[in-house]
Amino acid sequence: MIQVDFSKLSPQVVWRHFETLCTIPRPSKHEQQLRQHLKDWAEQRNLETYVDEIGNLIIRKAATASKEQVAGVILQGHLDMVTQANRGTQHDFFKDPIQPVLKDGWLIAENTTLGADNGIGVALALAVLESDDIVHGPIEVLLTIDEEAGMSGARLLESGVLTGQWLFNIDTEEWGELYLGCAGSIDIEVQQPTQYQTAPSDLIYVDLLVSGLKGGHSGVDIHLDRGNANVILANFLNDYLSQSNGRLVEFVGGTARNAIPREAVATIAIKAEQLPELENAVAVI
Ligand SMILES: [Zn+2]
């Protein structure tokens, strides 16, 4: 039983869809029930639907008369939601409806995630599909699966099924912001053959630590030009070791692939009499 009177929320056409989404369980990788519901909903309205190989749902709405030549627009959101319940809350995300409440002018769920990510995006897209007073070119609504747990829907989207030219992602978090691009990520594994040697007995070992940097998310903060401990330390070592004939013993830096490294540490081996020179070199970084 949903407590909120959605008929009092505006715009009605959006909230009605959101109310329906609250009643249909949709954990990541278990979107089939919602997908089927939306597919049926669209077909009842004579909208063309297509489910691709991985399970993304595409709903197409033809252009309004005389707008057939306009570049097509794709509205993209995701079907699944993050499923988290407060400790002590009994909630079966595979069966139970979300229980939203209105609090201080906000729709929230008190003991579980609400699923506004990306339920409100899906509701907005459905509202566009349903509208009969918007003049538009061809519209495709792309609702992907598994956004919150691996993005397999987006990654394995069947190629060639979309015809629109402009894709609007409606899963953003900043009010009033329109995104024109987005950071992607790629894992690069570099291996270099290394020759180890027994450390000469006349060397001393020095730890060099770069720390105290701000760090940040590599997707969100990368344009802020923040220091990267790995880069700073590697640049220093590159110069210093080649001039001093010092040896690199170990280098460790960074903790996560999507975090700008805040700390890096290297152990080097040099002659004892080189220590003052090293200290000078470090002091001018
Ligand atoms: Zn999302």
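All values reported here derive from a predicted model rather than from experimental measurement.

Procedures and definitions
- Residues numbered from 1 in each chain as written.
- Predicted model: local features only at pLDDT ≥ 70, side-chain atom pairs only at ≥ 80, totals over all residues.
- Heavy atoms only, no water.
- Helix = DSSP H or I, 4+ residues; strand = E, 2+ residues; numbered from the N terminus.
- Buried < 20%, exposed > 50% of the residue type's maximum accessible area, 1.4 Å probe, protein only.
- Contact = heavy atoms within 4.5 Å.
- Donors = N, O, S within 2.8 Å, 3.2 Å for Na, K, Ca; no water.
- Tetrahedral: all angles 85-135°; square planar, octahedral: opposite > 155°, others 65-115°.
- Pairing = 2+ DSSP bridges.
- Axes fitted to C-alpha atoms, helices over the stretch in contact; angles between N-to-C directions.
- Core = buried A, V, L, I, M, F, W, Y, C linked by side-chain atoms within 4.5 Å.
- Salt bridge = Lys/Arg side-chain N within 4 Å of Asp/Glu carboxyl O.
- Domains from an automatic or database assignment.
- Expected span 1.5 Å × (residues − 1).

## Some remarks on the overall build of the chain
- On a plain count of helices and strands, the chain comes out with 6 helices and 10 strands.
- For the chain, the spread of C-alpha atoms along the principal axes amounts to about 85 × 50 × 35 Å.
- In the chain, which comprises 285 residues, the share counted as buried stands at 35%.
- Look at the contacts in the chain between residues 6 or more apart in sequence, and 70% of them connect residues 24 or more apart.

## Points about the coordination of the zinc ion
- Donor atoms from the polypeptide that bind the zinc ion are His-78 (NE2), Asp-117 (OD), Asp-171 (OD) and Asp-171 (OD), placed at 1.9 to 2.4 Å.
- Between the 4 donor atoms coordinating the zinc ion, the angles at the centre fall across 56 to 135 degrees, so the site counts as irregular.
- One chain supplies every donor to the zinc ion, and in sequence these donors are spaced H-x38-D-x53-D. Note that His-78 is positioned in strand E3 (residues 73–78) and Asp-171 in the loop between strand E7 (166–169) and strand E8 (203–210), a separation of 93 residues in sequence. The pair His-78 / Asp-171 is uniform in exposure class, with both members buried.

## Things to note about the sheet that holds E3
- Taken together, the 5 strands give an open sheet; going across it, the order is E1-E2-E6-E3-E7, and neighbouring strands pair in mixed fashion. For this open sheet the edge positions go to strand E1 (48–51) and E7, each flanked by a neighbour on one side alone. Taking the axes of each pair of neighbouring strands and ignoring which way they run, one obtains an average angle of 20 degrees across the sheet.
- With 4 bridges connecting them, E3 and E7 associate as parallel partners.

## Quick look at the sheet that holds strand E9 (residues 247–253)
- If you walk across this open sheet you meet the 3 strands as E8-E10-E9, and the pairing is antiparallel. Edge positions in the sheet fall to E8 and E9, since each has one partner strand and no second. Strand-to-strand twist in this sheet, taken as the mean axis angle between neighbours without regard to direction, amounts to 15 degrees.
- Of the pairings in the sheet, the one linking E9 to strand E10 (residues 264–271) comprises 6 bridges and is antiparallel in character. Paired with Leu-248 across the strands is Ile-268, a residue of E10.
- Across the sheet, helix H5 (residues 229–244) touches E8, E9 and E10, and the angle it forms with E10 is around 15 degrees.

## Details of the nonpolar core
- Core analysis: the biggest nonpolar cluster contains 34 residues, and Phe-18, Leu-38, Ile-59, Leu-129 and Val-141 have the highest contact counts within it.
- Elements with a minimum of two residues in this core: helix H1 (12–23), helix H2 (32–44), strand E2 (57–61), strand E5 (106–109), helix H3 (116–130) and strand E6 (139–144).
- Tallying contributions element by element places H3 first for this core, with 6 residues.
- Sequence-distant contacts of Leu-38, defined by excluding residues within four places in its chain, comprise Leu-57, Ile-59, Leu-79, Val-122, Leu-126 and Leu-143.
- Within the second largest apolar cluster, 14 residues are counted, among which are Leu-208, Leu-233, Phe-236 and Tyr-240.

## Side note on the pattern of salt bridges
- For the coordinates displayed, the defined rule picks out 9 salt bridges.
- For Arg-226, the salt bridge is made with Asp-221, and the minimal N-O distance between the two is 3.8 Å.
- Owing to a relative accessible area of 29%, Arg-226 belongs among the partly exposed residues under this scheme.
- Judged by relative accessible area, which is 16%, Asp-221 ranks as buried.
- Through salt bridges with shared partners, one network takes in Glu-48, Arg-60 and Glu-140.

## Notes on the domain arrangement of the chain
- For the chain, the assigned domains read domain 1 (2–169) and domain 2 (203–283).
- Domain 1 and domain 2 are separated by 47 Å when their C-alpha centres are compared.

## Quick word on H2
- When the terminal C-alpha atoms of H2 are compared, their 18 Å separation across 13 residues agrees well with the 18 Å that a helix rising 1.5 Å per residue should span.
- On its buried face, H2 is in contact with H1, E1, E2, H3 and E6.
- Just downstream of H2 lies Asn-46, where phi reads positive at about 60 degrees.

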